[in-house]
Amino acid sequence: MDLQRWLAAALDSNVDWSRSFGQYARHPSLEVTDDRFAGVFAQLTERLKDNYPFFHPRYAGQMLKPPHPAAVVGYLTTMLINPNNHALDGGPATATMEREVVQQLAEMFGYETHLGHLTTSGTIANLEALFVARSLHPSLGVAYSAEAHYTHSRMCTVLGIEGHSVPVDPAGRMDLDALEDLLRTGRVGTVVLTAGTTGLGAIDPIDEALGLREKYGVRIHVDAAYGGFFTLLAGELGIPAGPWQAVAAADSIVIDPHKHGLQPYGCGAILFRDPEVGKFYLHDSPYTYFTSDELHLGEISLECSRAGAAAAALWLTFQLIPPTRDGLGEALAAGRRAAIRWAELIDKSEVLELYQNPTLDIVGYFPAARSLSAVDAVSARILDAGMTADDPVFLSTFRVSAEAFLARHPDLDADVKGGRILRSVLMKPESEDYVDQLHARLEALT
Ligand SMILES: *Cc1c(COP(=O)(O)O)cnc(C)c1O
């Protein structure tokens, strides 16, 4: 699609709609001339050059990429109106769109009933899941794996509940025997399982953990902020089907459309299987202007103001690239194939080693060396050398503990407590055709 054409169309649609309400005088206090604007705008574009090229497949570092052009046009068109999805009156059209996209997400995971909404981020979405968990089990703690996102332990502190870190197996998945030992103490009310860890994309054994829910009466929350859309590839390309099928039975799910859903930042989502939990959000605010009997999004959300534009952007994107195997699934499959291909190349390499087999599209690897201290030093050097080279590559480092390193590479010398390895998130489908080049660059740099 021609972005310039549709950005112009976005402005036109706003002008037409605004004019239908008649002329009015704009206030001089807000007037900015084009001359003044030009100077400041030039500064902005200059300053924005201080960024890494997230859009380019030579950027193979953190979880970053620009939104789809459809999301950009959807966001900007709507932002010109600036609806607030806090209440139906704040943005009737975008509140309906939010319901529709949340329904699509719920269907993608196989939820037959749901209550949910978009959030500003995965952090807030997870906070809401733990807030509801605390309301149901006020005196009990929360268990999450040692490789879960740090937000869970932080939010347990915020909520004043006990957080328990559970060890992982050598593939980075929660150790269910260790979990069960913890559940036997009776101190845990909710288990957080991660479907796609932020570090290396490991998927906790959700299917096997479900049995523990009945036995110990715990809630199961699935944090699929990063990995959620990979449910579209369950059972394919080496992605296990069992955990994804089990997600439909989880009590709550978090997914971030601003990670793998082609959206700009400001778009997470929380889904609850039982709509009854809406009662924990009840408030009686004198500020809100609820005018209908329908449930307002602001009545089932901890956040108040939220961008209607985020809902519109996701709605427009899903109309074009729906969350189905043949829609968004195609884009994710390309990134997954890129990770498989790169893992094969690294496996055959003399100078690089695979940290562990990738489950999703995140590859962890390190320069071949005898000790963890050497791995750390060379990884850091490659990261810097890659960024400053004439033909640059942009990677990220990932800190691992000596135990985690030894669990995967028992023959190496873990001579320090922890160190950095290299990590590449291949979340752009374009990575698939670039991975041989990336690998050649890496070999040259090592
Ligand atoms: C990214 C991520 C989060 C935090 O989400 P934000 O959108 O960055 O706030 C939480 N959990 C997992 C597994 C994540 O990947």
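Conventions we followed
Residues numbered from 1 in each chain as written. Predicted model: local features only at pLDDT ≥ 70, side-chain atom pairs only at ≥ 80, totals over all residues. Heavy atoms only, no water. UniProt positions renumbered as here; feature names shortened; annotations may be inferred. Helix = DSSP H or I, 4+ residues; strand = E, 2+ residues; numbered from the N terminus. Buried < 20%, exposed > 50% of the residue type's maximum accessible area, 1.4 Å probe, protein only. Lys, Arg positive; Asp, Glu negative; His and termini not counted. Salt bridge = Lys/Arg side-chain N within 4 Å of Asp/Glu carboxyl O. Polar contact = N/O pair within 3.5 Å; in protein donor to acceptor, adjacent residues only side chain to side chain. Contact = heavy atoms within 4.5 Å. Expected span 1.5 Å × (residues − 1). Arc of directions from axis to C-beta. Axes fitted to C-alpha atoms, helices over the stretch in contact; angles between N-to-C directions. Parallel < 35°, antiparallel > 145°, perpendicular 65-115°, else oblique. Left-handed = near helix turned anticlockwise from the far one by under 90°. Nonpolar A, V, L, I, M, F, W, Y, C, P; charged D, E, K, R; others polar. Disulfide = S-S within 2.5 Å. Core = buried A, V, L, I, M, F, W, Y, C linked by side-chain atoms within 4.5 Å. Domains from an automatic or database assignment. Pairing = 2+ DSSP bridges. Right-handed = clockwise from strand over helix to strand, strands pointing away.

The chain appears in an unreviewed UniProt entry as Glutamate/tyrosine decarboxylase-like PLP-dependent enzyme from Kibdelosporangium banguiense. According to its UniProt record, the chain has this under Cofactor (unreviewed entry): "pyridoxal 5'-phosphate". The annotation that UniProt attaches to the chain under Sequence similarities (unreviewed entry) is "Belongs to the group II decarboxylase family."

(A) Region of the structure containing the side chain of Glu303. Looking at where Glu303 falls in the secondary structure, it is placed in the loop between strand S7 (268-272) and helix H11 (308-320). Although buried, Glu303 forms no salt bridge, and the nearest oppositely charged side chain, Arg306, lies 5.1 Å from it. Of note is the side chain of Glu303, whose polar atom sits 2.3 Å from the side chain of Thr120. The contact partners of Glu303, leaving out residues within four places of it in the chain, are His86, Thr119, Thr120, Ile124 and Glu128.

(B) Layout of the pattern of salt bridges. If you walk through the whole model with that rule in mind, you get 20 salt bridges. Arg184 serves as the salt-bridge partner of Glu180, at 3.9 Å between the closest nitrogen and oxygen. In this pair, Glu180 and Arg184 are both assigned in helix H7 (residues 176-184), four residues apart and thus about one turn of the helix distant. With a relative accessible area of 13%, Glu180 lands in the buried category. Two residues, Lys215 and Glu180, come together in a salt bridge whose shortest N-O distance is 2.8 Å. Pair noted here: Lys215 is in helix H8 (residues 206-216) and Glu180 is in helix H7, with a separation of 35 residues, a long-range link. One continuous salt-bridge network, built from bridges that share partners, spans Glu180, Asp181, Arg184 and Lys215.

(C) Structural detail: helix H13 (residues 372-388). With 17 residues, H13 should reach 24 Å at 1.5 Å per residue; the first-to-last C-alpha distance of 25 Å fits that figure. Of the residues making up H13, those classed as buried are Leu372, Val375, Asp376, Ser379, Ala380, Ile382, Leu383 and Gly386. The buried residues of H13 occupy an angular sector of 160 degrees when the element is viewed end-on, so they sit on one face.

(D) Structural context of the packing of helix H5 (residues 122-136) against helix H6 (residues 151-159). One way to put it is that H5 packs onto H6 with a least axis distance of 10 Å and a crossing angle of 50 degrees. Compared by their axis directions, H5 and H6 come out oblique. Handedness of the H5/H6 crossing: right-handed. Between H5 and H6, the residues in contact are Thr123, Asn126, Leu127, Leu130, Phe131 and Arg134 and Thr151, His152, Met155, Cys156 and Leu159, respectively. Grouping the constituent residues of the contact of H5 with H6 by class yields six nonpolar, four polar and one charged.

(E) Fine view of the state of the cysteines. Within the structure shown, the criterion is met by zero disulfides. Free cysteine Cys304: the closest other cysteine sulfur is in Cys267, separated by 18 Å.

(F) Region of the structure containing the nonpolar core. The biggest cluster of nonpolar side chains holds 56 residues, and the ones touching the most others in it are Leu179 and Val191. Here this core spans two domains, since at least three of its residues come from each of domain 1 (78-320) and domain 2 (328-445). Non-local contacts of Leu179, meaning those with residues more than four positions away in its chain, are made with Ala143, Val166, Met174, Val191 and Leu212. By size, the runner-up hydrophobic cluster in this structure holds 25 residues, among which are Ala95, Leu127, Phe131 and Tyr144.

(G) Up close: the pairing of strand S5 (residues 219-223). Buried residues dominate S5, accounting for five of its five residues. Judged by which residues are buried, S5 turns out to be covered on both faces: Arg219, His221 and Asp223 on one side and Ile220 and Val222 on the other are all buried. Where strand S4 (residues 188-194) lies against S5, five bridges are found, and the strand directions are parallel. From the neighbouring strand, Val192 faces S5, where its bridge partner is His221. Read as a crossover between parallel neighbours, the route from S4 over H8 to S5 is right-handed. By the bridge criterion, three bridges tie S5 to strand S6 (residues 252-255) in an arrangement that is parallel.

(H) Broad picture of the sheet that holds S5. Read from one edge of the open sheet, seven strands run S1-S7-S6-S5-S4-S2-S3, paired in mixed fashion. At either end of the open sheet lies a strand with only one pairing partner, and these are strand S1 (115-119) and strand S3 (163-166). In this sheet, adjacent strand axes meet at a mean angle of 20 degrees when their direction is disregarded. Pairing of S6 with S7 involves four bridges; the strand directions are antiparallel. Paired with Ile253 across the two strands is Leu271, which belongs to S7. In this fold helix H4 (residues 92-108) packs onto S1, S6 and S7, with an angle of close to 115 degrees to the strand it touches most, S1. Where H8 meets the sheet, its contacts fall on S4 and S5, and the angle it forms with S5 comes to roughly 160 degrees.

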